[in-house]
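Spelled out, the chains give:
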Amino acid sequence: MRRTMYGKAFAPEYRGSLEDLSVNASLEEVLAKAVEQQQRAELAGSALDAAHAGLAVAEASRRLGRVAEADRAWKASYRAAREAGDQGAMAWAVWSGGTLARQRGELALARRWLGIAADLAERGGDVVARGYSLAGLAETGRIQGDYEAVGALHEQLLAEARRRGEARHTVWALEGIAQMHRNSGSYDTALAMFEEAAEIAGKADDARGHAWALRGIADVLSLKGGTGRALELLSEAEGTCRRMKLVSALAYNHKMRGNVLFRAGRYAEAEECYRGALAEFEEMAEPRGAALARLGLVKSRARLGHDRAATAAELDDLHRTLGRIGLLHAREMVEAARAELGLAPAGARPAA
């Protein structure tokens, strides 16, 4: 029995005069206050305050799916932090840029920026910024499918978060490790870790972490045949995403609903969910999510009688797209879809 005592979740990316903002604050509220503070800091000539406000603008914009605004904001935050000579603030800005790059599917660039952020944070003595940057590196590697490289880092960050009683980071690490177990077929272990993450997030009032944990629980329950309960959990998580305007998380929630319905053989409903998720991902320029939604859409259409040759061609195109994004397991994902649909492997078909 773990006896770690966790405090309330907090958002260290809201800094300076914005540090009192709740981790559960509406992103529109965060953005409005951050823009106001940024303008005030620039008029007062306070570079550090401008850097802090710019970081909050960047993060709120990123989570709202406004990638162009987020890109401008993190760069402005970095310039202000550099003017102030604060390496910790510089690290936070570059961390935001790396996180945005990952969201946009630029995984190699994400690793570069996050590595620079970790180095800046270490030199600036900002332990939290360094932890977030290392977590970003770990998550990027996990998304790519490089579990061997980042599994130990996830475990290290989980141990550090538990030791410090940081609920939000503990929840993040648990969810990441659980996802790797789920993808490796260890469903019971994954379910236990997602459930622990949900419990910690609930007690710490971390609504975002709780919503992601519910999505993970729903995924595993669906794999074990629990369709009804999975859909209930996704509806609960969707309410949180809508309330906080977590645009990206909402799109991934809709994609997962498509997964659950597809596994249950409800292909027409699944197709509708995947189509909606695809539109959401495309609107926020998130290519990884869009490709995964497309994969579900192709599979659903195939089950509904779509032309087999056209399906095979779409899967070939998806393989190239996922490979360009940098997902190391792209071939396995697409080959699994081919096998599931009774299509010949790519190398076994005559050349077009």
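Residues numbered from 1 in each chain as written. Predicted model: local features only at pLDDT ≥ 70, side-chain atom pairs only at ≥ 80, totals over all residues. Heavy atoms only, no water.

Novice: If you had to explain the overall build of the protein to someone new, which residues and values would you point to?
Specialist: Scanning the protein from terminus to terminus reveals 16 helices and zero strands. Over its C-alpha trace the protein gives a radius of gyration of 21 Å, about what one expects of a compact globule, namely 20 Å for 352 residues. On the principal axes, the C-alpha backbone points of the protein span a range of 65 × 50 × 35 Å. Contacts in the protein between residues at least 24 apart in sequence constitute 60% of all its contacts with a sequence separation of at least 6. Only carbon and sulfur atoms are counted for the fraction: they give 50% of the accessible area of the protein, which is about 15,300 Å². (Helix = DSSP H or I, 4+ residues; strand = E, 2+ residues; numbered from the N terminus. Rg over C-alpha atoms; globule rule 2.2 N^0.38 Å. Contact = heavy atoms within 4.5 Å. Areas by Shrake-Rupley, 256 points an atom, 1.4 Å probe, with all protein chains shown as cover.)

Novice: Please give an account of the environment of Gly258 that cites residues and values.
Specialist: As for its placement among the helices and strands, Gly258 is situated in helix H12 (residues 247-263). Put simply, Gly258 and Val171 are 87 residues apart on the chain and 25 Å apart in space, counted from C-alpha to C-alpha.

Novice: Can you explain the packing of aromatic side chains? Please cite residues and give values.
Specialist: Both the distance between ring centres and the angle between the ring planes are used here to describe each pair of aromatic rings. Under the criterion given, the structure shown has seven aromatic pairs. Their ring planes at 50° and their centres at 6.1 Å tell us that Trp212 and Tyr252 sit as a pair that is tilted. You can see Trp212 sitting in helix H10 (residues 207-223) and its partner Tyr252 sitting in helix H12, a full 40 residues away along the chain. The exposure class assigned to Trp212 is partly exposed, which follows from its relative accessible area of 28%. The exposure class assigned to Tyr252 is buried, which follows from its relative accessible area of 6%. Through successive ring pairs, a cluster of aromatic residues spans Trp92, Trp95 and Tyr132. One residue, Arg112, lies across the ring of Trp113, its end atom 5.3 Å from the ring centre. (Phe/Tyr/Trp six-rings, centres within 6.5 Å; stacked < 30°, edge-to-face > 60°. Buried < 20%, exposed > 50% of the residue type's maximum accessible area, 1.4 Å probe, protein only. Lys NZ or Arg CZ within 6 Å of the ring centre and 35° of its normal.)

Novice: Quick rundown of the packing of H10 against helix H11 (residues 227-244)? Include the residues and the values.
Specialist: For the pair H10 and H11, the least separation of the axes is 8 Å and the interaxial angle reads 160°. The orientation of H10 with respect to H11, classified from their angle, is roughly antiparallel. For the pair H10 and H11, the sense of crossing is left-handed. Of H11, the residues touching H10 (which contributes Ala207, Arg208, His210, Ala211, Leu214, Arg215, Ile217, Ala218, Leu221 and Ser222) are Arg229, Ala230, Leu233, Leu234, Glu236, Ala237, Thr240, Cys241 and Met244. Tallied by class, residues from the contact of H10 with H11 come to twelve nonpolar, three polar and four charged. (Axes fitted to C-alpha atoms, helices over the stretch in contact; angles between N-to-C directions. Parallel < 35°, antiparallel > 145°, perpendicular 65-115°, else oblique. Left-handed = near helix turned anticlockwise from the far one by under 90°. Nonpolar A, V, L, I, M, F, W, Y, C, P; charged D, E, K, R; others polar.)

Novice: How would you sum up unusual backbone geometry? Please name residues and give values.
Specialist: Here the phi dihedral of Asp205 falls at roughly 60°; this positive angle occurs in a residue that is not glycine. Take Asp205: it is sitting in the loop between helix H9 (187-204) and H10. Taking relative accessible area as the criterion, Asp205 reaches 43% and is therefore assigned partly exposed.

Novice: Pulling in residues and values, what's your account of helix H8 (residues 167-183)?
Specialist: Compared with the 24 Å implied by 1.5 Å per residue over 17 residues, the 24 Å span of H8 between its first and last C-alpha is a close match. Burial runs high along H8: 15 of the 17 residues are buried. Looking one or two residues past H8, Gly185 carries a phi angle of roughly 95°, positive in sign. (Expected span 1.5 Å × (residues − 1).)

Novice: Requested: an account of the state of the cysteines, with residues and values cited.
Specialist: Tallying each qualifying case throughout the model produces zero disulfides. Not part of a disulfide, Cys241 finds its nearest cysteine sulfur in Cys273, a span of 14 Å. What makes Cys241 buried here is its relative accessible area of 3%. (Disulfide = S-S within 2.5 Å.)

Novice: Summarise the nonpolar core; cite the residues concerned and give the values.
Specialist: Nonpolar side chains in soluble globular proteins tend to be buried together. Core analysis: the largest hydrophobic core is formed by 99 residues, its most contacted members being Tyr14, Leu18, Val30, Trp95, Leu157, Ile217 and Phe281. Among the elements that make up this core, the one with the highest residue count is H9 (nine residues). Excluding its chain neighbours within four sequence positions, the residues that come into contact with Val30 are Tyr14, Leu21, Ala25, Ala56 and Ala60. Of all hydrophobic cores here, the second largest spans 17 residues; its members include Leu315, Leu318, Leu322 and Ala330. (Core = buried A, V, L, I, M, F, W, Y, C linked by side-chain atoms within 4.5 Å.)

Novice: How would you sum up the environment of Ser235? Please name residues and give values.
Specialist: Tracing the chain through its elements places Ser235 in helix H11. In this structure Ser235 comes out as partly exposed when scored by relative accessible area, which is 40%.

Novice: Quick one: what's the story with the pattern of salt bridges, residue by residue and with numbers?
Specialist: Scanning the entire structure with this criterion turns up 31 salt bridges. In this structure, Arg40 and Glu36 form a salt bridge, with 2.8 Å as the shortest nitrogen-oxygen distance. Taken together, the residues span about one helical turn, with Arg40 and Glu36 both in helix H1 (residues 27-44) at a distance of four residues. Of the residues examined, Arg40 reaches a relative accessible area of 45% and is grouped as partly exposed. (Salt bridge = Lys/Arg side-chain N within 4 Å of Asp/Glu carboxyl O.)

Functional significance is not addressed by these values, which are geometric in nature.
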